[in-house]
Amino acid sequence: MPLALAAWVLAATGGCAAPEPTAPNLLLIVVDTLRADHLAPYGYGAAETPRLARLAQEGARVETAYAPTATTGPTHAGLFTGRFPRSVGVRRNAVPLAEDHATLAEILSAAGWDAAAVVSSFPLHRRFGFAQGFGAYDDEFDPKLASVRHTRYAGHAVPEGFDRRADATTDRALAWLASRERQRRPFFFFVHYFDPHEPYVAPMPYQRRFSVGANATLREQAAALYDAEVAFTDAEIGRLLDGLAAAGFAENTFVVLTADHGEGLFQHGHLFHDVHLYEEAVRVPLLLRGPGLARGLLVEGPVTLLDLLPTLLDLLDVRQPAEALPGRSFAAVLRGEGGIDAERGIVLERREFSAERVGKLSVKGEQLALRRGRWKYIETPEEQRRELYDLYEDPGERTDLHESRPAVARKLAEELARWRAATPAAAAAGPVSPEDRKRLEALGYAD
Ligand SMILES: [Zn+2]
């Protein structure tokens, strides 16, 4: 963080770093590639996710929550800064998050929280700027345990393994929690799990339990292998939550669980994510539990993960940044007061593509979507595509109505054009600073 910004953050957070001794902790769990509608608390019958179901009962479940994009780096950039990924110049993976935006970890550190992270895949490596504000950032992956074998990724040498499995992630997270004994300051702990991301290689007992047989369609087989990964991850999240309780932190910790995006599973011709803004790619779980929050609460939404930064600061009683951010706090709703305007607009952006083939799909340029009430409008100018869906009647986005409801499509297109004009895309930040590069090289992280 540049000095001027550091000074601003200190001013915004009241200067001296001294939260109340009883100030609550925050555990933020982000599961990579986790669709909301493949989880028990979201009504999916085949799910084996008892721990997420219990978490939902212990706190609030947001029915309709959107990741701002369907790509890891951009969504985390939005989540951590409360800004649209295009506003902070992170429109694809392996582009660094610039230092000139205050992040959740920076704001909480300045306010007296100890911030630490355990992440589980290379796109969140510290070289991409995501470690800003964290005192400890665990991004070392044992190559022997990695599920992805890339040695290069988006022009970068992968220094060690590409990713780590959920059991290793939980082990690291539990070790960090154990180190918190007798610490007086509250903590912000960010834990990222990777397993539902391809390749779908859950431990064999899970794969066997979800086996659908040789006659199943490709889509059924993919979904079963994916569900096995989700079940394994649920069990490992359970182990983390048990450890949190055993360490005595259960009562005074906000636990927030969400995902950076969903997964196609062939619903619109694509198995993975990144290329579409259909619901399966961007609708994510959002579960929140903690002191003062209503139990068993259903929040209909819609919310976006850009709302989380102001919401979490409210819950922790930390002053909001002075600059205007696009998200809105829904902390009061989580305490049982009021609701969220069902007609509020939510803007979604696809990661940046030049003209490329991804699987069987040709993708080109920008894609933006606007959800408002029952309608979802999607436009992809360089592919000359406009789409309109009625999500109340057609939640699977099967019937494009942009020609049969031209007035609705035009109104949403105009609104999106105004948003685009007011939200310019920032240039991608340059590579890491020369000093940082030297430090990375000294550690063996050269491209
Ligand atoms: Zn991801």
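Per chain, residue numbering runs from 1 following the sequence as it is written. A pLDDT threshold of at least 70 governs which residues receive local features in this predicted model, and a stricter bar of 80 or more applies before side-chain atom pairs are shown or counted, although totals over entire chains, interfaces and linings include all residues. Values reported for side chains reflect all heavy atoms of the structure, with hydrogen atoms and water molecules removed beforehand.

**Topic: the nonpolar core**
Here is step 1 of the chain: The biggest cluster of nonpolar side chains holds 102 residues, and the ones touching the most others in it are Ile29, Phe188, Phe189 and Phe190.
Here is step 2 of the chain: Secondary structure counts use DSSP, requiring at least four H or I residues in a row for a helix and at least two E residues in a row for a strand, with both numbered from the N terminus. Sorting elements by how many residues they give to this core places helix H7 (residues 218–246) first, with 11 residues.
Here is step 3 of the chain: In this description, contact between two residues means that some pair of their heavy atoms is separated by no more than 4.5 Å. With near-sequence residues (within four places) excluded, phenylalanine 188 lies in contact with Leu26, Leu28, Leu104, Ala105, Leu108, Trp113, Asp114, Ala115, Ala116 and Phe134.
Here is step 4 of the chain: By nonpolar core we mean a set of buried residues, namely Ala, Val, Leu, Ile, Met, Phe, Trp, Tyr and Cys, connected to one another through side-chain atoms within 4.5 Å. With a 1.4 Å probe rolled over the protein chains alone, any residue whose accessible area is under 20% of its type maximum counts as buried; one over 50% counts as exposed, and the rest are partly exposed. Residues Phe84, Leu370, Ala409 and Leu412 belong to the second largest nonpolar core, which totals 15 residues.

**A word on unusual backbone geometry**
Across residues other than glycine, the phi torsion is negative in most instances, and most of the peptide bonds are trans.
Here is step 1 of the chain: With an omega dihedral of 0 degrees, the bond running from glutamate 198 to proline 199 counts as a cis peptide bond.
Here is step 2 of the chain: Secondary-structure assignment places proline 199 in the loop between strand S8 (187–193) and helix H6 (204–209).
Here is step 3 of the chain: Look at the link from glycine 301 to proline 302: it is a cis peptide, with omega at 10 degrees.
Here is step 4 of the chain: By the element assignment, proline 302 lies in the loop between strand S12 (297–299) and strand S13 (303–304).
Here is step 5 of the chain: At alanine 154, a position not held by glycine, the phi torsion is positive, near 50 degrees.
Here is step 6 of the chain: Note that alanine 154 resides in the loop between strand S6 (152–153) and strand S7 (156–157).
Here is step 7 of the chain: One non-glycine residue, glutamine 384, lies in the positive phi region at around 50 degrees.
Here is step 8 of the chain: Tracing the backbone through its elements, the reader meets glutamine 384 in the loop between strand S18 (375–380) and strand S19 (385–390).
Here is step 9 of the chain: Classification of glutamine 384 as exposed rests on a relative accessible area of 75%.

**Comments concerning the sheet that holds S19**
Here is step 1 of the chain: Only strands joined by at least two bridges in the DSSP assignment are considered to pair. Strand order across the open sheet formed by four strands is S14-S17-S18-S19, with antiparallel pairing between neighbours. Edge positions in the open sheet fall to strand S14 (345–349) and S19, since each of these has one partner strand only. Neighbour to neighbour, the strand axes of the sheet diverge by 15 degrees on average, direction disregarded.
Here is step 2 of the chain: Inspection of the sheet shows S18 paired to S19 by six bridges, in the antiparallel sense. In the sheet register, lysine 376 faces S19, and the bridge partner there is tyrosine 389. Comment: axis = line fitted to C-alpha atoms, over the contacting stretch for helices; angle = value between 0 and 180 degrees taken between N-to-C directions.

**Topic: the domain arrangement of the protein**
Here is step 1 of the chain: Each assigned domain of the protein is listed here: domain 1 (3–344) and domain 2 (348–422).
Here is step 2 of the chain: Note that the domain bounds reflect an automated or database-derived domain assignment. The straight-line distance from the C-alpha centre of domain 1 to that of domain 2 is 26 Å.
Here is step 3 of the chain: At the junction of the two partners, domain 1 supplies 27 residues and domain 2 supplies 29 residues.
Here is step 4 of the chain: Throughout, the accessible surface (probe 1.4 Å) given up by two parts as they are put together, summed over both, is called the buried area. Approximately 2,400 Å² of surface area, both sides summed, lies buried where domain 1 meets domain 2, with 51% of it carried by carbon and sulfur atoms.
Here is step 5 of the chain: For this document, the term salt bridge refers to a Lys or Arg side-chain nitrogen within 4 Å of an Asp or Glu carboxyl oxygen. The interface formed by domain 1 and domain 2 holds five salt bridges in total.
Here is step 6 of the chain: Across the salt bridge formed by glutamate 366 and arginine 86, the nearest N and O atoms sit 2.7 Å from each other.

**A closer look at the pattern of salt bridges**
Here is step 1 of the chain: According to the stated counting rule, one finds 31 salt bridges in the structure shown.
Here is step 2 of the chain: The partner of glutamate 415 in a salt bridge is arginine 372, with the nearest N and O atoms 2.4 Å apart. Highlighted residues: glutamate 415 in helix H11 (residues 406–422) and arginine 372 in strand S17 (residues 368–372), separated in sequence by 43 residues.
Here is step 3 of the chain: For glutamate 415, a relative accessible area of 18% puts it in the buried group.
Here is step 4 of the chain: A relative accessible area of 25% means that arginine 372 is categorised as partly exposed.
Here is step 5 of the chain: Among the ionic pairs, glutamate 393 bridges to arginine 374, the shortest N-O distance being 3.7 Å. One end of the pair, glutamate 393, is in the loop between S19 and H11; the other, arginine 374, is in the loop between S17 and S18, and 19 residues separate them in sequence.
Here is step 6 of the chain: Residue classification places arginine 374 among the partly exposed positions, given a relative accessible area of 29%.

**Describing empty space enclosed by the protein**
Here is step 1 of the chain: Cavities and pockets are defined on a 1 Å grid built over the protein atoms alone: a cavity is a set of grid points where a 1.4 Å probe fits but cannot escape, while a pocket is an open set with protein on both sides within 12 Å along at least five of seven lines, and lining residues are those with an atom within 4 Å of any such point. Grid points are joined across faces, edges and corners, and a volume is the space filled by probe spheres set on the points. Evaluated as defined, the whole model comprises one cavity of 30 Å³ or more.
Here is step 2 of the chain: Roughly 40 Å³ of volume is contained in the largest cavity.
Here is step 3 of the chain: Contributing to the lining of the largest cavity are Gly264, His268, His270, Phe272, His273, Val275, His276, Glu280 and Ala281.

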